[in-house]
Amino acid sequence: MEVPDISTEPLLDVRGLSKRFPIGSIFETRKVHAVEDVSFSVRPGQVVALVGESGSGKTTTIRMVARLIEATGGEIRFKGTDILKTEPRRASLEYRRKVQMIFQDPFGSLNPVHTIEHHVARPLVIHNKAASRADLQARVHELLETVELKPAAEIARRYPHQLSGGQRQRVAIARALAVDPELILADEPISMLDVSIRMGVLNLIQSLKEGRQIAFVYITHDLASARYVGDLVMVMYAGHVVEGGPGEEIIGAAVHPYTQLLLSAVPDPHAGLRTRAGVEARGEVPSLIDPPPGCPFAARCPKVMPECRVAMPGVTHLRGEHWVRCYLYGAGENPSPAGATAA
Amino acid sequence: MSQMPEAPLLDVRGLRVDYLTANGRVRAVNGVSLAVKEGEVVGLAGESGSGKSTIAHAILRILRPPALITGGEVLFAGQDTLKMDDAQLEAFRWSRVSIVFQSAMNSLNPVLSVREQLVDVMQNHGLTKEQANRRAGELFQLIGIEPRRLDSYPHELSGGMRQRTVIAMALALNPDLLILDEPTTALDVVVQKDILLQMARLREALGLAVLFITHDLSLLVEFSGRILIMYAGELVEGAPARTLFDQPLHPYTVGLMNSFPSISGEKRRLTGIPGSPPDLISPPTGCRFHPRCPKAMAVCSQAAPEMKIVSPEHSVACHLY
């Protein structure tokens with residue numbers, strides 16, 4: 001859905017992003033192709049869900065966006081400027097304020113010797129967001145209330161071990177909100193939480209998006225939760241984004257054979273006896289060390305064609321915002337850069 | 001519970017397990033009764049800390065201090081495993097009941113080939129080396145890995161293959177009951193589906209009974225006959241999988257159903273369950289779920305509800321019924 005009045009310019013526009021990790025000794029030049037030619041954009045107030053199995057490169061992708069690791073190729077455009085060019089060595093304080101990250105493990109991301117108040121106050125101090133001590137405390141309490149941690153004054157005095165996993169994840173969100181971010185990168189924020197409290201965190205993401213126009217990149221291995229919060233869903237496989245589009249479209253009318261395989265594997269009690277279109281893809285995710293050219297799914301794909309093993313296809317636009325990279329739907333535009341075939 | 005024509009294979013009655021911690025006694029399992037009939041798949045669902053794994057460990061008597069079984073009986077084919085001595089336990093574990101742990105794939109010894117590890121288990125239980133080797137080949141075929149992979153070391157196999165190897169090990173001595181404790185939680189969905197489908201086929205072929213423990217209710221609806229729901233160390237509801245899914249009665253079960261987004265049907269807002277699971281050192285009085293229950297009444301904080309049979313196969317512990 002278009003966001004009215006705010007420009008439809010994307011907030012974040014990632015183009016051809018790649019990451020190759022060198023491995024082995026100095027005499028070997030083997031590389032792990034963790035992320036290859038990934039492009040997507042996020043508009044203000046939009047939730048983009050990045051779905052993939054472990055090793056698909058989704059975490060590496062947002063860690064590059066968060067500037068925690070360096071990209072080996074491509075562009076990260078934030079509000080129109082390629083920040084890899086303007087801030088090549090490290091991200092500016094301004095960028096780090098606008099782009100915040102939430103991690104998977106709410107047990108590991110909080111310091112056990114500090115109170116919740118300390119955790120939430122810290123970014124406010126670093127970014128000069130409070131005028132006085134009293135103001136600082138008032139803001140901490142306000143933030144805790146925003147993430148529905150009440151009574152805020154009491155929660156603020158506690159230590160991380162005195163909170164449940166869900167409460168800790170809310171503290172992490174409050175800490176991210178402290179600096180008025182425009183984009184929050186959430187890396188599997190619910191996968192370590194108890195099932196009964198997961199929806200609370202997803203609903204919080206939803207309300208922050210609606211109430212504050214904060215954009216999210218939501219990373220998950222779970223298609224159902226991607227559909228639940230994601231305005232757009234992107235599917236990653238072995239370092240490549242293979243299909244993207246509105247959540248309902250991806251779930252209801254997926255066209256890439258890998259997306260179809262993934263969908264057929266999701267337990268779905270609501271479907272009753274109706275079986276999903278059978279997808280007979282065997283085998284497992286290929287090694288990412290100096291992979292052969294072509295589509296990474298070719299080795300497992302039930303519909304593989306000769307051209308699939310030559311080069312990765314470009315982007316074919318289908319209905320509306322739905323697109324796919326698969327030769328079944330044509331060679332696509334902007335065939336992938338030399339990167340995919342060099343090796 | 002309901003009267004069965006024949007004695008169930010596994011019959012757990014009023015099981016209680018305590019953990020003795022520095023902060024006090026934690027009653028992890030509080031009077032749980034459950035039965036698994038021959039050839040049946042029973043799903044046990046609950047959140048972390050609900051006591052579901054503790055039950056599995058108690059059945060096999062592999063609990064370690066500070067965990068202590070403080071009451072109840074575990075009858076397996078009529079024999080109380082809680083009264084078995086070490087020699088009896090040796091003969092009982094693995095040959096009658098075996099278990100696959102969560103991320104058991106990481107428990108394989110990295111310096112031995114998987115063949116050596118499989119053969120070792122079988123030799124320990126009285127097979128000759130030749131018999132064990134032959135059986136290892138059969139098991140790999142059964143579980144869907146090429147037998148030539150038997151000579152691989154664990155690091156040469158993918159996570160899915162390692163987990164299959166552990167399942168093969170659990171099946172080595174033809175047990176009557178297999179306990180699966182979150183067997184696929186650490187795996188990707190595509191691999192998970194593959195393994196579970198294979199397990200379903202195997203189970204039918206071997207006539208094995210399965211106690212399937214997981215936090216993922218949607219998996220159980222697909223893969224088990226009957227589902228039992230645990231909350232804070234107690235069973236709160238039990239019913240055939242479909243019935244439980246279509247007509248959950250306990251407010252906690254209803255809440256759990258409301259905690260899983262689906263990939264089909266109308267997209268609707270899900271609320272999950274407010275609050276967090278309780279601290280078992282000082283559990284809530286009365287019904288342990290009452291502080292989070294949207295339908296709590298005055299009685300709920302005073303008296304713990306008894307398990308009631310509401311229809312021949314459906315029982316629930318809630319004051320509403």
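Since this is a predicted model, take the numbers as computed values, not measurements. Per chain, residue numbering runs from 1 following the sequence as it is written. By the order in which they are written, chains take letters starting at A while ligands take numbers starting at 1. Per-residue local features are limited, in this predicted model, to residues with pLDDT of at least 70; the limit for side-chain atom pairs, both in listing and counting, is 80 or more; totals at the level of whole chains, interfaces and linings are taken over all residues.

## A word on the overall build of chain A
Secondary structure elements follow DSSP: runs of H or I of four or more residues count as helices, runs of E of two or more count as strands, with numbering from the N terminus. Regarding its fold elements, chain A presents eleven helices and twelve strands. A compact globule built from 343 residues should have a C-alpha radius of gyration of about 20 Å, and chain A, at 21 Å, falls within 12% of that. To assign burial, the other C-beta atoms lying within 10 Å of each residue's own C-beta are counted, with C-beta atoms placed from the backbone; 20 or more indicates buried, 12 or fewer indicates exposed, and intermediate counts indicate partly exposed. Evaluated residue by residue, chain A yields a buried proportion of 47% over its 343 residues. Any two residues are considered in contact once their C-beta atoms, placed from the backbone, lie within 7 Å. Look at the contacts in chain A between residues 6 or more apart in sequence, and 63% of them connect residues 24 or more apart. Our radius of gyration is a C-alpha quantity, and the globule rule it is checked against amounts to 2.2 Å times the number of residues to the power 0.38.

## Overview of the sheet that holds strand E2 (residues 24-36) of chain B
All names here are of chain B. The four strands are arranged E2-E1-E4-E5 in an open sheet whose pairing can be described as antiparallel. Sheet topology places E2 and strand E5 (79-80) at the edges, where each strand pairs with a single neighbour. Two strands are said to pair when DSSP picks up at least two bridges between them. Relative to E2, strand E1 (residues 10-21) is paired through ten bridges, and the arrangement is antiparallel. Within E2, the position partnered with Leu15 by the bridge is Val32.

## Re the interface of chain A and chain B
Listed by partner, the interface residues are 30 residues for chain A and 33 residues for chain B. Among the elements that take part in the side of chain A that touches chain B, helix H8 (residues 195-212) of chain A stands out by supplying six residues, more than any other. Taken together, the residues that form the side of chain A that touches chain B break down as 15 nonpolar, nine polar and six charged. Charged means Asp, Glu, Lys or Arg here, nonpolar means Ala, Val, Leu, Ile, Met, Phe, Trp, Tyr, Cys or Pro, and polar covers whatever is left, Gly included.

## Details of unusual backbone geometry
A cis amide bond links A:Lys150 with the next residue in sequence, A:Pro151, at an omega value of -5°. The topology assignment puts A:Pro151 in the loop between helix H5 (133-146) and helix H6 (152-157). In this model, B:Pro65 is joined to B:Pro66 through a cis peptide bond whose omega is 10°. Position of B:Pro66 among the secondary structure elements: in the loop between helix H1 (52-59) and strand E4 (67-76). For A:Asp37, which is not glycine, the phi dihedral falls at a positive 55°. Considering the arrangement of structural elements, one finds A:Asp37 in strand E2 (residues 31-42). Backbone geometry places A:Asp180, a non-glycine residue, at a positive phi of 50°. Assignment of secondary structure puts A:Asp180 in the loop between helix H7 (165-177) and strand E7 (183-187). Owing to 13 C-beta atoms within 10 Å, A:Asp180 belongs among the partly exposed residues under this scheme.

## With respect to the pairing of strand E7 (residues 177-181) of chain B
Residues and elements named next belong to chain B. Taken across its five residues, E7 has five buried, putting it largely inside the fold. Side chains Leu177, Ile179 and Asp181 project from E7 onto one buried face, and the interleaved Leu178 and Leu180 project onto a second face that is buried too. Bridging between strand E6 (residues 97-100) and E7 involves four bridges; their strand directions are parallel. Note that in E7 the partner of Val97 across the bridge is Leu177. Taken together, the five bridges between E7 and strand E8 (residues 209-214) define a ladder with parallel strand orientation. Bridge pairing in E8 places Ile179 opposite Leu211.

## Comments concerning the sheet that holds strand E5 (residues 81-82) of chain A
Each strand in a sheet pairs with another by means of backbone hydrogen bonds, the pair being arranged parallel or else antiparallel. All names here are of chain A. Spatially, four strands are ordered E2-E1-E4-E5 in an open sheet, and the strand pairing comes out antiparallel. Each end of this open sheet is capped by a strand with a single partner; those strands are E2 and E5. Sheet topology places strand E4 (residues 73-78) next to E5; two bridges connect them, and they run antiparallel. Looking across to E5, one finds that Arg77 is bridged to Asp82. Strands in contact with helix H1 (residues 58-65) are strand E1 (12-22), E2 and E4; relative to E1, the strand with the most contacts, it is inclined by about 115°. Between the N-to-C directions of two axes lies an angle of 0 to 180 degrees, each axis being a line fitted to C-alpha atoms and, for a helix, fitted only over the stretch in contact.

## Notes on the packing of helix H4 (residues 116-126) of chain A against H7(A)
All names here are of chain A. Between H4 and H7, whose axes approach to 7 Å, the crossing angle comes to 25°. Relative to H7, the element H4 lies roughly parallel. Seen along the crossing, H4 lies across H7 with a hand that is right-handed. From H4, Ile116, His119, Val120 and Pro123 reach across to H7, where they touch Val171, Ala174 and Arg175. The scheme is simple: roughly parallel for angles under 35 degrees, roughly antiparallel for over 145, roughly perpendicular for 65 to 115, oblique for anything else. Note on convention: the crossing is left-handed when the near helix lies turned anticlockwise from the far helix by less than a right angle, right-handed when the turn is clockwise.

## With respect to the pairing of strand E6 (residues 99-102) of chain A
All names here are of chain A. Where burial is concerned, the two faces of E6 agree: the one with Val99 and Met101 and the one with Gln100 and Ile102 are both buried. Pairing of E6 with E7, which is carried by four bridges, proceeds in the parallel orientation. Looking at E7, one finds that Val99 is bridged to Leu183.

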